[in-house]
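# Structural overview
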Amino acid sequence: MNTVQLECFIAVAEHLNFSRASEALRITQPAVSHQIQSLEEELDVKLFNRTSKSVALTQEGIQFLPDAQLILKTALSAKERLSHHEHFIPFELGCHNRLEINLLPPILKKLTEDFPLLRPAIHLVPFPSLLSLVENKQVHAAFGIKEEQKKSSLYFRELCSAPVACICSPGHPFARHNTLEKRQLSGSFIACSPRQIADPIFSIQNSILTKLRPEQRYFAENMESAMTLVKAQIGCTLYPDITAAREPDLKYIPVTDIPPMSFGIYYRYDDDHPVLKRFLMLCREYIR
């Protein structure tokens, strides 16, 4: 596996078109096709489904994309550091959605003040791929909801106990309530794909969906899409309420008969990264 193969794979994944990918890379289309084919042979998987009219990532391609981006970024960063003889500190962080990314700006601001050579990178990766990246030492730490895990090298540090909230627009009928119970949740409801959220959250969302009529059910590919539908006043959704990650201009109403969920950071027991300890401390201070 080499950087040319990875650049070609990422370009085709972004454009879903071999011709446009070759233009972006400034190499011929047959050369792009050859690099993709050699990469597929090396990995022994098919990365794209190709027809005369369309190109689409396979499930294996979707799973490999964040790995390819991380490997390429690491290789290019290493090359840059060596060529400039500087001692930058790479720090790879993982988030499942934009709500978790909202937590990072003040934390990274303080962290880069403490470590001027720090070069943080943020990876937006769906479940369950992100925790695999942490376990494989490709990402140093990742936000997430605590789930029952098989024995692994990962450690979970709780940052807060987050109440599950009904999230709706200010004009929604639920917005006038201070609290709600699960039985009160009716009307149009927006659920997220189970590939994009933790199992405990999906189970709760799914239990609401099963009690609604088909015309009241909406499905979003990810939490960003779900929040967009909520802002459009199409319906409401359920998600753990982490105050520092809230979307502005939305209402968060606690659902009192659903237990709160533990939100925190996953990292490896044996990770001795020089910045990790300070990052964990700042997360605890800021999010609490």
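Residues numbered from 1 in each chain as written. Predicted model: local features only at pLDDT ≥ 70, side-chain atom pairs only at ≥ 80, totals over all residues. Heavy atoms only, no water.

## Considerations on the environment of asparagine 222
Stated formally: Only runs of H or I of at least four residues qualify as helices and only runs of E of at least two qualify as strands under DSSP, and these elements are numbered from the N terminus. Think of a polar contact as two N or O atoms within 3.5 Å of one another; within protein, one of them needs to be a possible hydrogen donor and the other a possible acceptor, and neighboring residues in sequence only count if both atoms come from side chains.
Inspection of the secondary structure puts asparagine 222 in the loop between strand 9 (217–220) and helix 9 (223–231). Among the polar contacts made by the side chain of asparagine 222, one reaches the main-chain amide nitrogen of glutamate 224 at a distance of 3.3 Å.

## Quick look at the packing of aromatic side chains
Selection criterion: Here a pair means two rings of Phe, Tyr or Trp (six-membered ring of Trp) with centres within 6.5 Å. Their orientation is stacked below 30 degrees between planes, edge-to-face above 60, and tilted elsewhere. Categorising residues by exposure relies on relative accessible area from a 1.4 Å probe, with only protein chains included: less than 20% of the type maximum marks a residue as buried, more than 50% marks it as exposed, and the intermediate range marks it as partly exposed.
Counted by the stated rule, this structure contains nine aromatic pairs. Ring geometry for phenylalanine 9 versus phenylalanine 64: centroids 5.2 Å apart, planes at 45°, classification tilted. Taken together, the positions of phenylalanine 9 in helix 1 (residues 3–15) and phenylalanine 64 in helix 4 (residues 59–84) put the pair 55 residues apart, joining distant regions of the chain. The burial state of phenylalanine 9 is the same as that of phenylalanine 64; both residues are buried. Here phenylalanine 18 and phenylalanine 48 contribute two aromatic rings whose centre-to-centre distance is 6.2 Å and whose plane-to-plane angle is 70°, an arrangement assigned as edge-to-face. Of this pair, phenylalanine 18 sits in helix 2 (residues 18–25) while phenylalanine 48 sits in strand 1 (residues 48–50), placing them 30 residues apart in sequence. Residue class for phenylalanine 48 comes out buried when judged on its relative accessible area of 0%.

## Some words on the pattern of salt bridges
Short version of the rule: Note on definitions: salt bridges are taken to be side-chain nitrogens of Lys or Arg within 4 Å of carboxyl oxygens of Asp or Glu.
Per the stated rule, a full pass over the model turns up 11 salt bridges. The shortest N-O distance in the salt bridge between arginine 183 and glutamate 181 comes to 2.9 Å. Where glutamate 247 meets lysine 231, a salt bridge forms, and the shortest distance between an N and an O atom there is 2.8 Å. With glutamate 247 in the loop between strand 10 (237–240) and strand 11 (251–254) and lysine 231 in helix 9, the pair connects residues that are 16 residues apart, well separated along the chain. A relative accessible area of 43% means that lysine 231 is categorised as partly exposed. What emerges from the salt-bridge pattern is a single network uniting Lys110, Asp114 and Arg278.

## Quick notes on the nonpolar core
Under the convention used in this document: For our purposes a nonpolar core is just a set of buried Ala, Val, Leu, Ile, Met, Phe, Trp, Tyr and Cys residues, chained together by side-chain atoms within 4.5 Å. Only heavy atoms enter the contact rule, under which two residues are in contact if any of them lie within 4.5 Å.
With 65 residues, the main nonpolar core has Phe143, Leu238, Phe263, Ile265 and Phe279 as its most contacted residues. For this core, the element with the highest residue contribution is helix 10 (residues 276–287), accounting for six residues. Once you skip the residues sitting within four places of it in the chain, isoleucine 265 turns out to touch Ala141, Ala142, Phe143, Tyr155, Phe156, Arg157, Leu159, Phe279, Leu280 and Cys283. Listed in part, the 19 residues of the second largest apolar core include Ala11, Ile36, Leu47 and Leu72.

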